[in-house]
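Below are the chains, spelled out letter by letter.
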Amino acid sequence: MEKTAIVLGATGLTGRNLVEELLKNENYTKITLFSRSKFGKDHPKLEEHLIDVLKLEDYKDDFEAHDVFCCVGTTKSKTPDKEKYKKIDHGIPVTAAKLAAKTGAECFVVISAMGADANSSIFYNRTKGEMEQDVMEKSISNIYIFRPALIVGDREEKRFFEKVATHAFKLFNFMLVGNLKKYRSVRSENIAKAMMHVANFWYSDSIIKSDKINELAAKYDGRN
């Protein structure tokens, strides 16, 4: 079956890995990117829209695909203003899901975070939880919410504390067993592969945590 895909956040760590996986997958004939900056690679399957993603609804006529992947997200350090943070981490995914529902997308996949909880007293966890709730309300056949713990990979921007935490998690991952597996760090390329797996082979659960992300990535590798 020939498919099309939309990716938001293609220039980020996980988004970049995801686009590379989509380009390799023969099922996808067209990948549309909505982002502020160019992906930096020419490919016949790629179509880029350089836009203000906070105004995504202005581009609703171009927002049509079988699968929609939202890898958009910011951090407290990059976006200390809470109002702007919410516009990014809540507003963009919810608007994307709204447009995906209107145009008949079959699958919507979004990256959230471990600890997301709409009832949390912590603003950042609450924002992610509210985003999840609002996305799940949209009329899309298959919605998957990824809740990774620490995401590791080769970032262009170097975050000192994240780098320290990455090394620490490498040491302690093997100690996180049983119910603690969900706290394991997960590589960005594994998130991308797991997103590809659920979009192409479906999955029984809507909420997918780090341990399941790694399992699904391995399954995707095994089928490709």
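Before going into details, it helps to say that this report is about the structure given with it. Please read these numbers as outputs of a predicted model, since none were measured by experiment.

Here we look at the packing of aromatic side chains
Here's step 1: Applying the stated criterion to the full structure yields four aromatic pairs.
Here's step 2: A ring pair is formed by Tyr85 and Tyr124, whose centres lie 4.8 Å apart and whose planes are at 85°; its orientation type is edge-to-face. A residue pair is termed long-range when its members are at least 10 positions apart, and Tyr85 in helix H2 (residues 82-102) and Tyr124 in helix H3 (residues 123-136) qualify at 39 residues.
Here's step 3: The buried category is assigned to Tyr85, whose relative accessible area is 5%.
Here's step 4: Among the residues examined, Tyr124 registers a relative accessible area of 17% and is labelled buried.
Here's step 5: Among the aromatic residues, those joined into a cluster by ring pairs are Tyr85, Phe123 and Tyr124.
Here's step 6: Sitting over the face of the ring of Phe39, Arg16 holds its NZ or CZ atom 4.5 Å from the ring centroid.

Let's talk about the environment of Arg223
Here's step 1: Position of Arg223 among the secondary structure elements: in helix H6 (residues 210-223).
Here's step 2: Placed 26 residues apart in sequence, Arg223 and His197 show a C-alpha to C-alpha distance of 9.2 Å.
Here's step 3: Residues contacting Arg223, with those up to four places away along its chain left out, are His197 and Phe201.

Comments concerning H3
Every α-helix winds through 3.6 residues per turn, so residues three or four apart in the chain are directed the same way.
Here's step 1: In this model, H3 (14 residues) spans 20 Å end to end at C-alpha, consistent with the 20 Å of a helix rising 1.5 Å per residue.
Here's step 2: For H3, the full list of buried residues reads Phe123, Tyr124, Thr127, Lys128, Gly129, Met131, Glu132 and Val135.
Here's step 3: In this structure, the buried residues of H3 make contact with H2, strand E5 (107-111), strand E6 (142-147) and strand E9 (207-209).

Parameters at a glance
- Residues numbered from 1 in each chain as written.
- Predicted model: local features only at pLDDT ≥ 70, side-chain atom pairs only at ≥ 80, totals over all residues.
- Heavy atoms only, no water.
- Phe/Tyr/Trp six-rings, centres within 6.5 Å; stacked < 30°, edge-to-face > 60°.
- Helix = DSSP H or I, 4+ residues; strand = E, 2+ residues; numbered from the N terminus.
- Buried < 20%, exposed > 50% of the residue type's maximum accessible area, 1.4 Å probe, protein only.
- Lys NZ or Arg CZ within 6 Å of the ring centre and 35° of its normal.
- Contact = heavy atoms within 4.5 Å.
- Expected span 1.5 Å × (residues − 1).

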